[in-house]
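# A closer look at the structure
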Amino acid sequence: MRSAFERDYVTVDIASIIPLKTLRDGVHQSKKYAQIVSSIKAIGLVEAPVVIPAPGDCGQYYLLDGHLRIEVLKQLSIASIECLVATDEDTYTYNKRINRLPPVQEHRMIVRAIERGVAPAQIADALGLEIQTVKRRSRLLDGISADAAEMLKETNCPMAVFDTLRRMSSLRQVEAADLMIGQNNFTAAFAKALLAATPDDQLAKPPKSRDGKANASPNSQQLARMERELAVLQTRIKSVEDSYGIDNLHLTLARGYVAKLLGNAGVVRWLSHNRQEYLAEFQRIAEIDTLAAGTELALP
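Fair warning: this is a prediction, and the values are worked out from it, not measured in the lab.

## A short note on the nonpolar core
- Within the largest apolar cluster, 21 residues are counted, with the highest numbers of intra-cluster contacts made by Leu141, Ile144, Leu152, Phe162, Leu165 and Met180.
- Elements with a contribution of two residues or more to this core: α7 (146-151), α8 (159-165), α9 (170-183) and α10 (188-196).
- Top element by residues in this core is α10. It accounts for 4 residues.
- When near neighbours in sequence (up to four residues on either side) are disregarded, leucine 165 contacts Ile144, Leu152, Gln173, Ala176 and Met180.

Structure (structure tokens):
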């Protein structure tokens, strides 16, 4: 199978890189732009931009991913940068394959930076976070079993979910992670519901009653409340079942058609020169992976 990228990075003059989309107005005043500026100044470029050689062996490259990063490098008067070179002309493919940085991966990135001697204050400044937030994220997997962490490494679980999992035994953490993945539900509320349904002998620290004995399993009132909450959840799911299939089909067909258009380098070049606003919208449509909305930490 052919690799989608060259094995080695290539140093490219920034002046030779041609963006394939126009940045929105006001982007230079955005919080994300300021974070990238701080990040590059503090710890350098974390992820290389992705380019593809322009036709004609002219020494120029089309920019597939990293438009904000390139704009920041221009502002900082950096003349050249190492880039990852794509080997095909499927201009929307890279963004579809990007692994949006989930909390577990972010944790590991922060830990590696700290191990290399980067101070938490520098990381906080680069990411636009409070120092305490960086320290908390560096401890994200404390008390989490390796198996559960591995299962959740590609998901967008909030930190509150890990706080809840930490109260369970290792075996129960794996069971809870499996349930969340099976339901595609990574909310803190669902994690708390799983915690409430966890027997005392599967908790990390079984609660104690006033007489010093372990508390009993969830009582009838707690179980009845859980049943009501599950019934409400099932009702909500049922309300979208009838329309979900056809809506998803329409979206898939539309996205597939747009993606096929963007797979043609000639179409992309024409749009970039004549209808840049259309190109930006088409790229957003082609990058859609799922109907489910979620919070993502992504490199621009």
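## Here we look at the environment of valine 51
- Looking at where valine 51 falls in the secondary structure, it is placed in strand β3 (residues 50-53).
- Along the sequence, valine 51 and isoleucine 17 sit 34 residues apart, while their C-alpha atoms lie 7.8 Å from each other.
- When residues no more than four places from it in sequence are discounted, the contact partners of valine 51 are Ile17, Tyr61, Tyr62, Leu63, Leu64, Cys83, Leu84, Val85 and Ala86.

## Comments concerning the packing of helix α4 (residues 103-115) against helix α6 (residues 131-138)
- Two numbers describe how α4 lies on α6: the axes approach to 8 Å, and their chain directions differ by 105 degrees. Judged on the interaxial angle alone, α6 and α4 are roughly perpendicular. Along its contact with α4, which presents Glu106, His107, Ile110, Val111 and Ile114, the element α6 presents Val134, Arg137 and Ser138.

## A closer look at the environment of proline 199
- Residue placement: proline 199 occurs in the loop between α10 and α11 (220-262).
- Its relative accessible area of 31% is what places proline 199 among the partly exposed residues.
- Between the alpha carbons of proline 199 and arginine 172 there is a distance of 9.5 Å; along the sequence they are 27 residues apart.

## Digging into the packing of aromatic side chains
- Here the structure, examined in full by the defined rule, presents 1 aromatic pair.
- For the pair tyrosine 278 and phenylalanine 282, a centre-to-centre distance of 6.5 Å together with 45 degrees between the ring planes defines the contact as tilted. Here tyrosine 278 pairs with phenylalanine 282, and both are found in helix α13 (residues 276-286), just 4 residues apart, close to one helical turn.
- A relative accessible area of 44% places tyrosine 278 in the partly exposed class.
- Taking relative accessible area as the criterion, phenylalanine 282 reaches 27% and is therefore assigned partly exposed.

## Description of a nonpolar patch on the surface
- Together, Ile246, Leu249 and Leu253 make up an exposed nonpolar region whose accessible area comes to about 280 Å².
- When you line up the elements, leucine 249 lands in helix α11.

## Notes on the pattern of salt bridges
- In the structure shown here, the tally under the stated rule is 7 salt bridges.
- When the shortest N-O distance is used, the salt bridge between arginine 69 and aspartate 65 registers 2.8 Å. Each member of the pair arginine 69 and aspartate 65 is classed as buried.
- Between arginine 172 and glutamate 175 there is a salt bridge; the shortest N-O distance is 3.3 Å. In this pair, arginine 172 and glutamate 175 both sit in helix α9, 3 residues apart, roughly one turn of the helix.
- Among the ionic contacts, a cluster of salt bridges with common partners joins Arg136, Asp163 and Arg166.

## With respect to the sheet that holds strand β1 (residues 10-13)
- What the 5 strands build is an open sheet, ordered β1-β5-β3-β4-β2; its pairing is mixed. Both edges of this open sheet fall to β1 and β2 (17-19), since each of them pairs with a single strand only. Across the sheet, the axes of successive neighbouring strands diverge by a mean angle of 55 degrees, strand direction being ignored.
- Note: β3 against strand β4 (residues 61-65), 4 bridges, orientation antiparallel. Residue pairing across strands places valine 51 opposite leucine 63, the latter belonging to β4.

How each quantity is defined
- Residues numbered from 1 in each chain as written.
- Predicted model: local features only at pLDDT ≥ 70, side-chain atom pairs only at ≥ 80, totals over all residues.
- Heavy atoms only, no water.
- Core = buried A, V, L, I, M, F, W, Y, C linked by side-chain atoms within 4.5 Å.
- Buried < 20%, exposed > 50% of the residue type's maximum accessible area, 1.4 Å probe, protein only.
- Helix = DSSP H or I, 4+ residues; strand = E, 2+ residues; numbered from the N terminus.
- Contact = heavy atoms within 4.5 Å.
- Axes fitted to C-alpha atoms, helices over the stretch in contact; angles between N-to-C directions.
- Parallel < 35°, antiparallel > 145°, perpendicular 65-115°, else oblique.
- Phe/Tyr/Trp six-rings, centres within 6.5 Å; stacked < 30°, edge-to-face > 60°.
- Patch = residues over 30% accessible without salt bridge, like charges linked within 9 Å, V, L, I, M, F, W, Y side chains within 5 Å.
- Areas by Shrake-Rupley, 256 points an atom, 1.4 Å probe, with all protein chains shown as cover.
- Salt bridge = Lys/Arg side-chain N within 4 Å of Asp/Glu carboxyl O.
- Pairing = 2+ DSSP bridges.

None of this, on its own, says anything about what the molecule does.
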